[in-house]
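Below are the chains, spelled out letter by letter.
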Amino acid sequence: MNVLRSLKESFAQALDGLAADARASADLVKPAQDVRFGDYQANCAMPLGKQLRRNPRDVAADIVARLDLAAVTEPPEIAGPGFINLRLRGDWLASRLRLLAADERLGVEPTTSPRTFVVDFSSPNVAKPMHVGHIRSTIIGDSITRLLRFLGHRVVTDNHIGDWGTQFGMLIFGYKHLLDEQVFAARPVEELARLYRVVNWLGEAPAADELSARAADDLKLAKLAGRFADATELAKYVTEESRLETARLHTGDAANRALWQSFMPHCLADLDRVYDRLGIHFDHHFGESFYDPMLPAVVEDLLTKGIAEESDGAICVFLDAAREKPPCLIRKRDGAFLYATSDLATVKHRVEQFHPDAILYVVGQPQALHFQQFFEVARRWGYTNVEFSHVAFGTILGRDGKPFRTRAGGTVGLEPLLDEAVQRARRIVDENSSHLAESERQQVAEAVGLGAIKYADLSVNRASDYTFDWDRMMATQGNTATYLQYAYARIQSIFRKGDVDVAALRRDPPTVAIGEPAERALAVAITRLPETLEDAAAEYKPNVIAGYLYALAETFSSFYNTCLVLQADSATTRASRLVLCDLTARVLRQGLELLGIRTIDQM
Ligand code: ARG
């Protein structure tokens, strides 16, 4: 049960006949900012007073008189200019918690209006190692998927990999000129990654001494370099030939197609290793190459329907009557198709295959214009019954406030970063968990290290940039995954110490009593899971969940500091408090799971 929503419904009924738009007025019921004023607050009497030219406090009194909430809240209080303060009744909370204890879903009912979502996320350009820039889309998209599924929606996940770009021309060039056959036979992924790096490096015209140093122990490189006067000439050649290799691939050259086909499984296996480690799975990998054959028809159709037109030899769609805004380009003068063309093809395919109500594109903020443009073209093309959403996110910054890079200024590889997280977590575990055996410590370190990275990303509003800071993300105090994981493990240790039969607490929950303010605060926090998840889903914002979990863990901590649990005065109080502990732990665990973060029983 979503308490906030049911309060809003009661208000909508009370406001019917009083307010012009009862639902909109009822929407002004919010969680209270300050517990001293209650748990929820309705701010609708003030605007309504203005509309009706009446004293808002009188309007508030009218609303209160019409409200039918006696079973749920204490008598509402009218405060200040006309705020209506609502406090949940202790006995209502107590019986609510008893129900929650027996409810696997912790009060979160599956939606009565399920929608179908396609979530396009991660979507790296393959054939180069994944770097830190890929992590936000991957983690945020996964969390949104988990959340929507938990709420009862149907979600199709699609990793729209960039598997058709210029990097393949570079790889083919590298393969033809610089391949180390032995390494390729033994460890193809490693060799492909090396080829990509070398070709990239050659294209940037390296310094002469660096080039000769490398050529000294690479015969093939020496032979290639020997054909050119200097690194600049060589760079020109490498760049031009790579471009031609890409073009040959695209126009169907058999040898290049065969090479591409032989590379792809290795590229995908390489990605999968990272996804497996992060606990992330996709339903589909319809990459750019998949859409390539469909692109001519997309352009033709848009031309036939008069949506696209020729301009200067290119084909484009003008988005404003005045033609002042940059048009959306769908075919270049040389016949090449663009990013927008293939994204238009994704829409057609997804609508035909999955009949989605919404398509979410979890992609960084810098691509905002691209999404605005092709969403508009898609709507003109007739896709008006689909919600298109660019779920945008900011950049990861280093501690210097600039985009996060290695000390040498290069991109930060994703796998080494994950390794470092686990190593650092291991040190924390060694300091705090001397009671654990070696193998357990390593498992905890995996969960803590990866959890820290994920949580640092998910706990900030995705629209903002965030600073990558090891010390902050791994702190055992404050808004971190580590803190939440410890809070969870601490509750499990209470159960172990008290030899508590937790399954029985859930099967046949004891009577819950809400006496102390700290118990009450914890009980209210626990009942807020459903409204939190709905808020998070409405804006596709996992940070709403993170903020809630942190507040819950802090509320638990005050409860545990003021209320005895195992040593409580009476068996009934003990049992009641154990229910509070168990519910807290389960909400933490469920919430972290929606963020893709594991909990461990013993840390
Ligand atoms: N591969 C693209 C990139 O790395 C992201 C693709 C996002 N998805 C999409 N349908 N455009 O920038």
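Residues numbered from 1 in each chain as written. Predicted model: local features only at pLDDT ≥ 70, side-chain atom pairs only at ≥ 80, totals over all residues. Heavy atoms only, no water.

Turning our eyes to something else, we now look at the packing of aromatic side chains. In this description, an aromatic ring pair is defined by two values, namely the gap between the centres and the angle between the planes. Evaluated as defined, the whole model comprises 24 aromatic pairs. The interplanar angle of 40° and the centroid separation of 4.9 Å between the aromatic rings of Phe228 and Tyr237 together place this pair among those described as tilted. Ring centres of Phe468 and Trp470 lie 5.0 Å apart, and the angle between their planes is 90°; on these two criteria the pair is classed as edge-to-face. Accessibility classification places Phe468 together with Trp470 in one group, the buried group. (Phe/Tyr/Trp six-rings, centres within 6.5 Å; stacked < 30°, edge-to-face > 60°. Buried < 20%, exposed > 50% of the residue type's maximum accessible area, 1.4 Å probe, protein only.)

It is worth spelling out the pattern of salt bridges at this point. In the structure shown here, the tally under the stated rule is 39 salt bridges. The residue Arg54 makes a salt bridge to Asp62 at a minimum N-O spacing of 3.0 Å. The exposure class assigned to Asp62 is partly exposed, which follows from its relative accessible area of 29%. The closest approach of N and O atoms between Asp142 and Arg146, which form a salt bridge, is 2.9 Å. Residue Asp142 and its partner Arg146 are located together in helix α6 (residues 135-150), separated by four residues, close to a single helical turn. Several salt bridges converge on common partners, so that one network encompasses Arg426, Asp430, Glu438 and Arg441. (Salt bridge = Lys/Arg side-chain N within 4 Å of Asp/Glu carboxyl O. Helix = DSSP H or I, 4+ residues; strand = E, 2+ residues; numbered from the N terminus.)

Moving on, we come to the packing of helix α16 (residues 339-354) against helix α17 (residues 368-380). Following both chains from N to C, one finds α16 and α17 inclined at 50°, their axes separated by 10 Å at the closest point. Taken together, the axes of α16 and α17 lie oblique to each other. Crossing of α16 over α17 shows right-handed handedness. Contacts between α16 and α17 involve Tyr339, Ala340, Asp343, Leu344 and Val347 from the first element and His370, Phe371, Phe374, Val377 and Ala378 from the second. The residue inventory of the contact of α16 with α17, partitioned by class, reads eight nonpolar, one polar and one charged. (Axes fitted to C-alpha atoms, helices over the stretch in contact; angles between N-to-C directions. Parallel < 35°, antiparallel > 145°, perpendicular 65-115°, else oblique. Left-handed = near helix turned anticlockwise from the far one by under 90°. Contact = heavy atoms within 4.5 Å. Nonpolar A, V, L, I, M, F, W, Y, C, P; charged D, E, K, R; others polar.)

Relative to the assigned elements, Gln373 resides in helix α17. Given the relative accessible area of 12%, Gln373 is considered buried. What Gln373 contacts, discounting residues up to four positions off in sequence, is Leu319, Pro326, Pro327 and Cys328.

What follows covers the site of the ligand. For the ligand, the full set of nearby residues is Asp120, Ser123, Asn125, His160, Tyr339, Asp343, Tyr361, Val363, Gln367 and Phe371. Between the ligand and Asn125, the relevant distance is 2.9 Å, taken from a nitrogen atom to a side-chain nitrogen or oxygen of the residue. Within the side chain of Gln367, one N or O atom sits 2.9 Å away from an oxygen atom of the ligand. Protein burial of the ligand: of its 350 Å² of free accessible surface, 86% is covered by the chains. At the level of elements, α16 and β10 (358-364) are the ones that each hand at least two residues to the shell around the ligand. (Near = heavy atom within 4 Å. Polar contact = N/O pair within 3.5 Å; in protein donor to acceptor, adjacent residues only side chain to side chain. Areas by Shrake-Rupley, 256 points an atom, 1.4 Å probe, with all protein chains shown as cover.)

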